[in-house]
Amino acid sequence: MAAIHEVLLLVGRLNYVWTNTESLLIYVIAHLLSVDKEQAIVVFLTLNTTRARIDLTERLAKLPAIPVDTRDNVLSIMDRLKQQSKMRNKYNHCIYSFDEQGEISSTQLMRLVEGDKDIRYGKVEQLDARELERLEAAIQEITEISKSLWAFIRSRPNFDERSI
């Protein structure tokens with residue numbers, strides 16, 4: 001099973017790369033709305049969930065005035081970000097089970113699944129070497145998404161490096 005310090009380090013790294021990557025949506029929103037960074041920050045912070053920020057970014061990219069290449073680029077990046085949000089949400093909204101040695105053995109999602117005649121909660125998943133590799137891969141992919149967002153942001157004609 002996974003050592004607690006290893007899991008916490010990975011979850012910390014996951015949150016670090018996620019927060020830095022998600023904050024880049026400020027620049028994408030600024031570009032799509034043709035507003036300055038301060039105005040985009042207000043929009044970004046007004047939306048208090050990742051899902052709302054991604055939805056807004058996707059909807060803005062789909063507006064008729066947005067060039068096709070911009071739309072396609074933004075939507076592609078948002079698809080990748082949505083895929084990785086599943087892993088981030090899992091580790092930010094789960095509880096951990098421990099084995100006899102005090103090591104983390106599994107995660108349990110804190111989500112209700114309601115059937116016609118029953119209610120279930122907490123899908124349990126083992127936290128083994130394979131899952132740790134998946135977590136590492138998610139961290140790497142979020143880092144790559146960040147690089148893609150930076151490439152997009154820097155390619156915009158009105159981008160000013162001093163505004164960062």
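Everything in this summary refers to the structure shown in the same document. (Residues numbered from 1 in each chain as written. Predicted model: local features only at pLDDT ≥ 70, side-chain atom pairs only at ≥ 80, totals over all residues. Heavy atoms only, no water.)

## Some details on the packing of aromatic side chains
And then number 1: Applying the stated criterion across every chain yields a total of one aromatic pair.
And then number 2: Measuring from centroid to centroid gives 5.9 Å for tyrosine 27 and tryptophan 150, while their planes differ by 40°, and the two rings are tilted. Here the residue tyrosine 27 occupies a position in helix α2 (residues 25-33), and tryptophan 150 occupies one in helix α6 (residues 129-155), the gap between them amounting to 123 residues.
And then number 3: Exposure remark for tyrosine 27: the relative accessible area of 14% places this residue in the buried category.
And then number 4: Taking the ring centre of phenylalanine 44 as reference, the NZ or CZ of arginine 53 above it sits at 3.9 Å. (Phe/Tyr/Trp six-rings, centres within 6.5 Å; stacked < 30°, edge-to-face > 60°. Helix = DSSP H or I, 4+ residues; strand = E, 2+ residues; numbered from the N terminus. Buried < 20%, exposed > 50% of the residue type's maximum accessible area, 1.4 Å probe, protein only. Lys NZ or Arg CZ within 6 Å of the ring centre and 35° of its normal.)

## Observations concerning unusual backbone geometry
And then number 1: With a phi angle near 55°, serine 34 is a residue other than glycine that sits in the positive phi range.
And then number 2: Along the chain, serine 34 turns up in the loop between α2 and α3 (37-46).
And then number 3: A relative accessible area of 68% means that serine 34 is categorised as exposed.

## Let's talk about the sheet that holds strand β1 (residues 94-98)
And then number 1: On the basis of which strands lie adjacent, the open sheet formed by three strands has the order β1-β2-β5 and antiparallel pairing. For this open sheet the edge positions go to β1 and β5 (124-126), each flanked by a neighbour on one side alone. Averaged over all pairs of adjacent strands, the angle between their axes in this sheet comes to 30°, without regard to strand direction.
And then number 2: As paired strands, strand β2 (residues 104-109) and β5 are joined by three bridges and run antiparallel to one another. Opposite serine 106, over in β5, you have glutamine 126 as the bridge partner. (Pairing = 2+ DSSP bridges. Axes fitted to C-alpha atoms, helices over the stretch in contact; angles between N-to-C directions.)

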